[in-house]
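Fold and contact review
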Amino acid sequence: MTVIRRIPGRGDGEGSVQVQMAPDIQIGNAQVFAVYGKGGIGKSTTSSNLSVAFSKLGKRVLQIGCDPKHDSTFTLTKRLVPTVIDILESVNFHSEELRIEDFVYEGYNGVMCIEAGGPPAGTGCGGYVVGQTVKLLKEHHLLEDTDVVIFDVLGDVVCGGFASPLQHAGRALIVAANDFDSIFAMNRIVAAIQAKARNYDVRLGGVIANRSAATDQIDKFNDRTGLKTLAHFPDLDVIRRSRLKKSTLFEMDATPEITAVQNEYLRLAATLLAGTEALETRPLKDRDIFDLLGFD
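Below is a short write-up of the structure. (Residues numbered from 1 in each chain as written. Predicted model: local features only at pLDDT ≥ 70, side-chain atom pairs only at ≥ 80, totals over all residues. Heavy atoms only, no water.)

A closer look at the overall build of the protein
Note the following rule: Each helix is a run of DSSP H or I of at least 4 residues and each strand a run of E of at least 2, with the numbering of both proceeding from the N terminus. Partly exposed residues are those whose accessible area sits between 20% and 50% of the maximum for their type, while under 20% is buried and over 50% is exposed, using a 1.4 Å probe and protein chains only. Every residue pair with non-hydrogen atoms within 4.5 Å of one another is taken to be in contact. Surface accessibility follows the Shrake-Rupley procedure with a 1.4 Å probe radius. Residue values consider only the protein chains on display as shielding.
Per the secondary structure count, the protein includes 9 helices and 8 strands. Taking all 296 residues of the protein together, the buried fraction comes to 56%. A fraction of 77% describes how many contacts in the protein between residues 6 or more apart in sequence connect residues 24 or more apart. Here the protein displays about 12,700 Å² of accessible surface, and carbon together with sulfur accounts for 50% of that area.

Here it is in structure tokens:
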């Protein structure tokens, strides 16, 4: 099991002066995964179906959405649930007044769902919201019997706040399509994970290729940086339709396509539970990515 610890006496990653993790809000013994990737690439769909796959393997799963849109758990709960930050505001941030059912919602197949939310635009740091969410979970002893925690993190990593789930995770996973924009964002995420890994236990677990018929561009990037592809989900209309139906793929009518995707999620979940190699990666300079992928 992954136990997250803070290495004492050092700053929070080279160049980072933002949110640091207090020692009393460490997650504990659950296996913790932080899912990153370019905005709109399908992180929430991937996270929700992976959560279900873990639950199908008999694990008690908690998914934490870390986006002001608060739609990470939409297909699990069939609705947009209130956010932690909204619930805390309603009690003037007196967390002792809250019950577990005020901020935790049960989703499909028993997956526990939380939407951390975020501060109003331009007024705060997302890292604070993530920290408050984990603190609340610890205060209510919700993590003691949890086997797997998935952080579904918004868009690209542009500040320490967006990278704060890496302070809690054992493995970071990147969702990417087989195109330049996704790979460019992935390279920035690799650099962020590398910075956090200097002071925390988090390591890069690999890439989940999504919405792509081929993986040749991702393969080129992997070869140069030391990344590995953990799973591949093609660009299927049935995946898009599942979200429109407020359903995970495990609730859709059985077809050969659906069964194949379900099996890939189950295989990925089993691989992650067994423990993945901690990848040593080498992020590229921006110009090198243009050169690598054939741009003039």
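A short note on the sheet that holds strand 6 (residues 171-176)
Applied cut-off: DSSP-based pairing: two strands are paired if at least 2 bridges between them are found. Each axis is a line fitted through C-alpha atoms, taken for helices only over the stretch in contact, and angles between the N-to-C directions span 0 to 180 degrees.
Across the sheet, 8 strands lie side by side as 3-4-2-5-1-6-7-8; this open sheet has mixed pairing. Since the sheet does not close on itself, it has two edges, and those belong to strand 3 (105-106) and strand 8 (229-233), each with one partner. Two strands pair when backbone bridges link them, and strand 1 (residues 31-37) and strand 5 (residues 148-153) are joined in this way by 5 bridges, in the parallel orientation. Across the sheet, the residue bridging to Gln31 is Val148, located in strand 5. Contacting strand 1, strand 2 (61-66), strand 5, strand 6 and strand 7 (203-210), helix 1 (residues 43-56) crosses the sheet at an angle of about 175 degrees to strand 5.

Examining the packing of helix 1 against helix 8 (residues 256-274)
Stated formally: In these notes the angle categories are as follows: under 35 degrees is roughly parallel, over 145 is roughly antiparallel, 65 to 115 is roughly perpendicular, and the rest is oblique. Note on residue classes: Ala, Val, Leu, Ile, Met, Phe, Trp, Tyr, Cys and Pro are nonpolar, Asp, Glu, Lys and Arg are charged, and everything else, Gly too, is polar.
Running from N to C, helix 1 and helix 8 cross one another at 70 degrees; their axes reach a closest spacing of 8 Å. Between helix 1 and helix 8, the angle falls in the class roughly perpendicular. For the pair helix 1 and helix 8, the contacting residues are Thr45, Thr46, Asn49, Leu50, Ala53, Phe54 and Lys56 in the first and Tyr265, Leu266, Leu268, Ala269, Leu272 and Leu273 in the second. The residue makeup of the contact of helix 1 with helix 8, split by class, is 9 nonpolar, 3 polar and 1 charged.

Observations regarding the packing of aromatic side chains
Under the convention used in this document: Pairing of aromatic rings covers Phe, Tyr and Trp, the last counted by its six-membered ring, and requires centre-to-centre distances within 6.5 Å; plane angles under 30 degrees mean stacked, over 60 mean edge-to-face, and any other angle means tilted.
Overall, the coordinates contain 4 aromatic pairs when judged by the stated rule. The interplanar angle of 15 degrees and the centroid separation of 5.7 Å between the aromatic rings of Phe33 and Phe54 together place this pair among those described as stacked. With Phe33 in strand 1 and Phe54 in helix 1, the pair connects residues that are 21 residues apart, well separated along the chain. You'll find Phe33 and Phe54 in the same group, each marked buried. The rings of Phe180, Phe184 and Phe290 are connected pair by pair, giving a single aromatic cluster.

Points about the environment of Lys38
Relative to the helices and strands, Lys38 is located in the loop between strand 1 and helix 1. Placed 145 residues apart in sequence, Lys38 and Ile183 show a C-alpha to C-alpha distance of 8.4 Å.

Observations regarding the nonpolar core
Put simply, the rule is: To define a nonpolar core, start from buried Ala, Val, Leu, Ile, Met, Phe, Trp, Tyr and Cys residues and group those joined through side-chain atoms within 4.5 Å.
Core analysis: the biggest nonpolar cluster contains 54 residues, and Leu137, Phe151 and Met186 have the highest contact counts within it. Tallying contributions element by element places helix 5 (residues 180-196) first for this core, with 6 residues. With sequence-adjacent residues up to four places away left out, Leu137 is seen in contact with Leu62, Ile64, Phe103, Val104, Ile114, Leu142 and Leu143. Among the nonpolar cores identified, the runner-up in size contains 32 residues, and Leu50, Phe54, Val148 and Ile239 belong to it.

Looking at the side chain of Asp67
Inspection of the secondary structure assignment puts Asp67 in the loop between strand 2 and helix 2 (74-77). Residue classification places Asp67 among the buried residues on the basis of a relative accessible area of 15%. Once residues lying within four places of it in the same chain are set aside, the contact partners of Asp67 are Gly117 and Leu154.

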